[in-house]
Protein chains: 2
Amino acid sequence: MQYPEAIAKLIDSYMKLPGIGSKSATRLAFYTIDMDETTVKEFAESLLQAKKDLHYCSICGNITDTDPCEICRDTSRNQQEILVVEQPKDIMALEKMDDYHGLYHVLHGVLSPMDGKGPEDLNIAPLIKRLQHSDVNEVIIATNASPEGEATAMYLARLIKPAGIKVTRLAHGLSVGSDIEYADEMTLQRAVEGRQEM
Amino acid sequence: MQYPEAIAKLIDSYMKLPGIGSKSATRLAFYTIDMDETTVKEFAESLLQAKKDLHYCSICGNITDTDPCEICRDTSRNQQEILVVEQPKDIMALEKMDDYHGLYHVLHGVLSPMDGKGPEDLNIAPLIKRLQHSDVNEVIIATNASPEGEATAMYLARLIKPAGIKVTRLAHGLSVGSDIEYADEMTLQRAVEGRQEM
């Protein structure tokens, strides 16, 4: 006996999502059938709507339903700072902090020779163009602390510094509230390297 | 800054699925936006189609796009045995084994006083009716080996046995290929209790 076609298709669709294997997809599909009809309709509509309405900002690469995005249009923000992130999600995290009021630029990934991702696969050329036609005086690189994130940060610094623009990197060290005992070696090393006078 | 409405709605939809919290939902939503349009359309359609086409078999409670379901319609199957499971998924697992050729009955849950689930909330009354109007001579109870599954099995046995129908329960013991060293106490206890002569 096979699953009825409708559920087999739904399982297939769920399996296309990241981190969802055949068992999880089956569980989700059966759960969907037990959901009320309005909720399932809303789900289907939100999928189509998101795909239809959303695109990347032509200036910074952030996800948006307008172009330019809300942040790029906001002239009250500091136009002299650009903070470079890997993904649009990172912007959300930084905006929640409500302490940075400059502009952003989304790379949509990091340099990763293993995955065949070079500079031309990232949103880098538009960043350079942007810097040429603006009065930005500081680029803050906020790629993740992974080897690829570090390499990308270094690459960008070498590319941008010659233009006389200050390039900085977010500080790495111990998380607030974390125990030294449980910190990994890389984090501890960074914390020692980045120590500050009291 | 807030997420654009379209993505906020999609995140909300994903969060309605079991085991998906706000971080996973955000990850899935961003992934969806990067998926190609056809795939997203297929996903939306499969959701609506599954909700529209699928229902529970009026005889056994299995999930089906026909009524009665494929198994209930199959007269070549042994009409004298009914195997009782908790969920339609369990039928799939048993059918894969390709060793049981009788009928099924899906309870859609187990007795669980903690969750306020009594016999009237399960697909039990239709099972009893089914037994009265058939020549079934064995009911095999295949609820899970959880306390609720055991209680449900016991309840069903007490309900069905007086009608002179044989009630059996799937064997519990060590999994094939498992090490005694790593087996939990309950499983070991069951394995000892159910020991068989060689």
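Going by the annotation in an unreviewed UniProt entry, the name recorded for chain A is Recombination protein RecR, with Lapidilactobacillus gannanensis given as the source organism. Taken directly from UniProt, the Sequence similarities (unreviewed entry) text for chain A runs: "Belongs to the RecR family." For chain A, the Function (unreviewed entry) comment in UniProt is given as "May play a role in DNA repair. It seems to be involved in an RecBC-independent recombinational process of DNA repair. It may act with RecF and RecO."

This part covers the relation of the copies chain B and chain A. Structural alignment of chain B on chain A gives an RMSD of 0.1 Å, achieved by rotating through 180° and translating 0.0 Å along the axis. The operation mapping one copy onto its partner corresponds to a two-fold rotation axis. Nearest to the rotation axis, the C-alpha of A44 of chain B is located 2.2 Å from it, this being the minimum over chain B. A symmetric contact is evident, with 100% of the interface residues of chain B recurring at the interface of chain A.

The next thing to look at is the sheet that holds strand β3 (residues 81–85) of chain A. Residues and elements named next belong to chain A. The strand order β4-β3-β5-β6 describes an open sheet built from four strands, whose pairing is parallel. The sheet terminates laterally at β4 (103–106) and β6 (166–169), the two strands that pair on one side only. Each strand of the sheet is rotated relative to its neighbour by a mean of 25°, with strand direction disregarded. With four bridges connecting them, β3 and β4 associate as parallel partners. Counterpart to I82 in the pairing with β4 is L103. In the packing of helix α5 (residues 88–97) onto the sheet, the strands contacted are β3 and β4, and the crossing angle to β4 comes to about 155°. Those strands touched by helix α7 (residues 147–160) are β3, β5 (138–141) and β6, and its axis lies near 170° from that of β6.

Under the criterion given, the structure shown has seven aromatic pairs over all chains. An angle of 75° between the planes, with centres 5.8 Å apart, marks the rings of F43 of chain A and F43 of chain B as edge-to-face. Remark: F43 of chain B occurs in helix α3 (residues 37–53) and F43 of chain A occurs in helix α3 (residues 37–53); the pair is interchain, linking two chains. As far as the burial class goes, F43 of chain A and F43 of chain B line up, both buried. Summarising the aromatic geometry, the rings of Y100 of chain B and Y104 of chain B are spaced 5.3 Å apart at their centres and angled 65° between planes, so their arrangement reads as edge-to-face. Grouped by ring-pair contacts, the aromatic residues Y14 and F43 of chain A together with Y14 and F43 of chain B constitute a single cluster.

Another aspect to go through is the side chain of S13 of chain B. Along the chain, S13 of chain B turns up in helix α1 (residues 5–15). On the basis of relative accessible area, S13 of chain B is assigned to the buried category, the value being 8%. Only 3.1 Å separates the side chain of S13 of chain B from the side chain of S46 of chain A, close enough to count as a polar contact. Residues within four places of S13 of chain B in sequence aside, it is in contact with E42, F43 and S46 of chain A.

The next thing to look at is the pattern of salt bridges. Residues and elements named next belong to chain A. Counted by the stated rule, this structure contains 13 salt bridges over all chains. Here K9 and E5 are joined by a salt bridge, their closest N and O atoms 3.5 Å apart. Of this pair, K9 and E5 both sit in helix α1 (residues 5–15), four residues apart, which is roughly one turn of that helix. Bridged by salt links that share partners, the residues E150, R169 and R190 form one connected network.

Okay, helix α2 (residues 22–34) of chain A next. The end-to-end C-alpha distance of α2 of chain A, which contains 13 residues, comes to 19 Å, matching closely the 18 Å that a straight helix rising 1.5 Å per residue would cover. When α2 of chain A is considered as a whole, its buried residues turn out to be A25, T26, L28, A29, F30, T32 and I33 of chain A. Considering only its buried residues, α2 of chain A is in contact with α1 and α3 of chain A together with α3, β2 (63–64) and α5 (88–97) of chain B.

Residue and element names in this part refer to chain A. Along the chain, D36 turns up in the loop between α2 and α3. With a relative accessible area of 45%, D36 lands in the partly exposed category. For the pair D36 and K129, spaced 93 residues apart in the sequence, the C-alpha separation amounts to 50 Å.

All names here are of chain B. Spatially, the four strands line up as an open sheet ordered β4-β3-β5-β6, and their pairing is parallel. Here the strands that pair on one side only, and so sit at the sheet edges, are β4 (103–106) and β6 (166–169). In this sheet, adjacent strand axes meet at a mean angle of 25° when their direction is disregarded. Here helix α6 (residues 125–132) sits on the sheet in contact with β3 (81–85), β4 and β5 (138–141), set at roughly 150° to β4. On the sheet, helix α7 (residues 147–160) packs against β3, β5 and β6 and is oriented at approximately 170° with respect to β6.

Cut-off values and rules
Residues numbered from 1 in each chain as written. Chains lettered and ligands numbered in written order. Predicted model: local features only at pLDDT ≥ 70, side-chain atom pairs only at ≥ 80, totals over all residues. Heavy atoms only, no water. UniProt positions renumbered as here; feature names shortened; annotations may be inferred. Least-squares fit on C-alpha atoms with pLDDT ≥ 70 in both. Contact = heavy atoms within 4.5 Å. Pairing = 2+ DSSP bridges. Helix = DSSP H or I, 4+ residues; strand = E, 2+ residues; numbered from the N terminus. Axes fitted to C-alpha atoms, helices over the stretch in contact; angles between N-to-C directions. Phe/Tyr/Trp six-rings, centres within 6.5 Å; stacked < 30°, edge-to-face > 60°. Buried < 20%, exposed > 50% of the residue type's maximum accessible area, 1.4 Å probe, protein only. Polar contact = N/O pair within 3.5 Å; in protein donor to acceptor, adjacent residues only side chain to side chain. Salt bridge = Lys/Arg side-chain N within 4 Å of Asp/Glu carboxyl O. Expected span 1.5 Å × (residues − 1).

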